[in-house]
Amino acid sequence: MQREKNVLYFSVNDRYSSLEFGDSLYRLLQPELLKRPLVFLCIGTDRATGDCLGPLLGHRLNESCYGSFYEVYGTLREPVHAKNLQETINKIYERHRNPLVVAVDASLGSSSHVGYYTLGEGPLKPGAGVDKALPSVGDFYITGIVNICGLLDQMLLQTTRLHTVMALSDQIYDGISHFIRKRYRSRHFPFFGLRNSSVAGSPETAAGKQRAPQI
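Basis of the calculations
- Residues numbered from 1 in each chain as written.
- Predicted model: local features only at pLDDT ≥ 70, side-chain atom pairs only at ≥ 80, totals over all residues.
- Heavy atoms only, no water.
- Salt bridge = Lys/Arg side-chain N within 4 Å of Asp/Glu carboxyl O.
- Helix = DSSP H or I, 4+ residues; strand = E, 2+ residues; numbered from the N terminus.
- Buried < 20%, exposed > 50% of the residue type's maximum accessible area, 1.4 Å probe, protein only.

A.B. asks: So what's going on with the pattern of salt bridges? Residues and values would help.
C.D. replies: Working definition: two side chains of opposite charge can pair if their charged atoms are close together. Scanning the model with the defined rule gives five salt bridges in all. The partner of Asp23 in a salt bridge is Lys182, and the shortest N-O contact between them spans 3.1 Å. Highlighted residues: Asp23 in helix 1 (residues 17-33) and Lys182 in helix 5 (residues 162-185), separated in sequence by 159 residues. Looking at Asp23, the relative accessible area reads 22%, which means it is partly exposed. Exposure remark for Lys182: the relative accessible area of 27% places this residue in the partly exposed category. Between Arg36 and Asp139 there is a salt bridge, with its nearest N and O atoms 3.3 Å apart. A residue pair is termed long-range when its members are at least 10 positions apart, and Arg36 in the loop between helix 1 and strand 3 (38-42) and Asp139 in the loop between strand 6 (116-121) and strand 7 (140-148) qualify at 103 residues. The class of Arg36 is buried, set by a relative accessible area of 11%. Overall, the relative accessible area of 23% leaves Asp139 in the partly exposed class. Linked through salt bridges whose partners overlap, the residues forming this network are Glu32, Lys35, Arg36 and Asp139.

Next up, the structure:
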């Protein structure tokens, strides 16, 4: 793990990076999760290899047995991208009372940082790496550095190796799973049922969600 300007960097080549990432998530989110529901906003599209990190991760989180602990926006089936990002942000704040939003997106960086994923505090600025003016979003952010930044950033996203994106998605998912398991074991965390208490005016119940595994 590396720290640069209050941003934590984790390498997919580090055997224990997903555990360190999960521990870091726990430390950052723990105080807020006592009173706020957790929402992952996974940004990107499956139409470009380098931009599919968000939908891939969102798909795995949505299918996970830990899904009762959070809500996911942005999956392979229903991606969140430039055209519907603002609409999705509005929907999140309409549906959830004071949500704790963790935004996830692919990014470009220096050659030495390709294959790293980051964790930072504050809003994510999606599209900044490819000169798109999109709304900032999130209380915390996770990015995966999929390729180098250059003059033809859009082309770089199209030619990014799928292996790099999959490796980043796997590590981030493993880290989030570690964080959820750690949270579930902690006596400091009451179960915060999203379907019951965080969705304003929603008639839905938690019956449709999978139960949390016994640990």
